[in-house]
Amino acid sequence: MYAAAQPKEQAEDVAPTQIAGPHLVATYRAGREIYAEGDLIEKCYQVSTGAVRVYRLLSDGRRQVVSFHFPGEMFGFEAGLSHCFFAEAITETTLAVFGRRQMQERSRDLLALALTGMARAQQHLLVIGRQCAVERIAAFLVDLCERQGGGRQLRLPMSRQDIADYLGLTIETVSRVVTKLKERSVIVLRDARTIDIMKPDALHSLCN
């Protein structure tokens, strides 16, 4: 997590690590709720295709995105009996759904994936707590590079507002920093959802 993006050729698709064995499959259209705050915790989920955001609504009406999940990654693990967060599909998303019985039968595999997610969440807290806007966005892009296979081209399923709510910034600040990175030739914007990392070493140096 938040490691250096290695300058290697981008693969067409990153092969996710899927949990073997029987499970339910559910498809959600973009923007559809997967679970809500207060729902009982009866399942966990692994992304097969698409992307998911997990967030909480604050008392003043603001939204705090706490995590994004991509193919092969697990979510839905929380302490207690009910969810403290909302989960939504960002794009059309297919999930492998594991109930309590399947969770018990595959506890070792699920635990390994859950711990990976927890480690990423802990690192994200350090980024939010210690870094300025440029450093936060640089760390976010480097993390996406790693999670999408280490290549130089990033696909961004989330919006800039999602990124702002994840990094504790305003959308204006996100746009300003992205423009600054573009002007420095660190990145190239192919379109609204695709970024080419032109100087991975320079991007990584901004995270420190």
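What you are looking at is a predicted structure, and each value in this text was computed from that prediction instead of being measured.

## Brief notes about the overall build of the protein
If you tally the helices and strands in the protein, you get 6 helices and 11 strands. A buried classification covers 44% of the 208 residues belonging to the protein. For the protein, restricting intrachain contacts to residue pairs at least 6 apart in sequence, the fraction spanning at least 24 positions comes to 75%.

## Observations regarding the confidence of the model for the protein
Per-residue confidence for the protein averages 85 on the pLDDT scale, and 87% of its residues sit at or above 70. A low-confidence stretch, residues 1-16 (pLDDT under 50), is modelled with 39 contacts involving residues beyond four sequence positions or located in other chains.

## What about the packing of aromatic side chains?
Scanning all chains against the criterion turns up 7 aromatic pairs. Across from the ring centre of Phe85, 5.0 Å away, lies the NZ or CZ of Arg56, which sits over that ring. Over the ring of Tyr55 we find Arg63, and its NZ or CZ is 5.7 Å from the ring centre.

## With respect to the packing of helix H3 (residues 133-147) against helix H5 (residues 171-183)
Across the interface, H3 lies against H5 with an axial gap of 10 Å and an inter-helix angle of 75°. Classified by the angle between their axes, H3 and H5 sit roughly perpendicular to one another. Residues Ala133, Val134, Ile137 and Leu141 of H3 form the contact with H5, whose participating residues are Thr173, Val174, Val177, Lys180 and Leu181.

## Let's talk about the sheet that holds strand S4 (residues 52-57)
The strands making up a sheet are joined through hydrogen bonds of the backbone, oriented either antiparallel or parallel. An order of S2-S7-S4-S5 is seen for the 4 strands of this open sheet, with the pairing classed as antiparallel. This sheet does not close on itself; its edge strands, each paired only once, are strand S2 (33-35) and strand S5 (63-69). Geometrically, the sheet is characterised by an average inter-axis angle of 30° between neighbouring strands, direction not taken into account. Two elements, S4 and strand S7 (residues 86-89), share 4 bridges in a ladder whose sense is antiparallel. Residue pairing for S7: Arg53 is matched across the bridge by Glu88. Docked against the sheet, helix H4 (residues 160-167) engages S4 and S5, running at close to 105° with respect to S5.

## Remarks on the sheet that holds strand S3 (residues 43-49)
Taken in spatial order, the 4 strands line up as S1-S8-S3-S6 in an open sheet, and their pairing is antiparallel. Among the strands making up the open sheet, the edge pair consists of strand S1 (24-28) and strand S6 (74-75). Relative to strand S8 (residues 93-99), S3 is paired through 6 bridges, and the arrangement is antiparallel. In the sheet register, Lys43 faces S8, and the bridge partner there is Gly99.

## Observations concerning the pattern of salt bridges
By the definition in use, this model includes 8 salt bridges. One salt bridge connects Glu88 with Arg53, and the closest N-O pair in it is separated by 3.1 Å. With Glu88 in strand S7 and Arg53 in strand S4, the pair connects residues that are 35 residues apart, well separated along the chain. Owing to a relative accessible area of 14%, Glu88 belongs among the buried residues under this scheme. Linking Asp162 and Arg63 is a salt bridge whose minimum nitrogen-to-oxygen distance equals 2.7 Å. On the criterion of sequence distance, the pair formed by Asp162 in helix H4 and Arg63 in strand S5 is long-range, its members being 99 residues apart. On the basis of relative accessibility, which here comes to 3%, the residue Asp162 falls in the buried class. Among the charged side chains, a network of salt bridges with common partners joins Arg53, Arg63, Glu88, Asp162 and Asp165.

So, how was this worked out
- Residues numbered from 1 in each chain as written.
- Predicted model: local features only at pLDDT ≥ 70, side-chain atom pairs only at ≥ 80, totals over all residues.
- Heavy atoms only, no water.
- Helix = DSSP H or I, 4+ residues; strand = E, 2+ residues; numbered from the N terminus.
- Buried < 20%, exposed > 50% of the residue type's maximum accessible area, 1.4 Å probe, protein only.
- Contact = heavy atoms within 4.5 Å.
- pLDDT = per-residue confidence, 0-100.
- Phe/Tyr/Trp six-rings, centres within 6.5 Å; stacked < 30°, edge-to-face > 60°.
- Lys NZ or Arg CZ within 6 Å of the ring centre and 35° of its normal.
- Axes fitted to C-alpha atoms, helices over the stretch in contact; angles between N-to-C directions.
- Parallel < 35°, antiparallel > 145°, perpendicular 65-115°, else oblique.
- Pairing = 2+ DSSP bridges.
- Salt bridge = Lys/Arg side-chain N within 4 Å of Asp/Glu carboxyl O.

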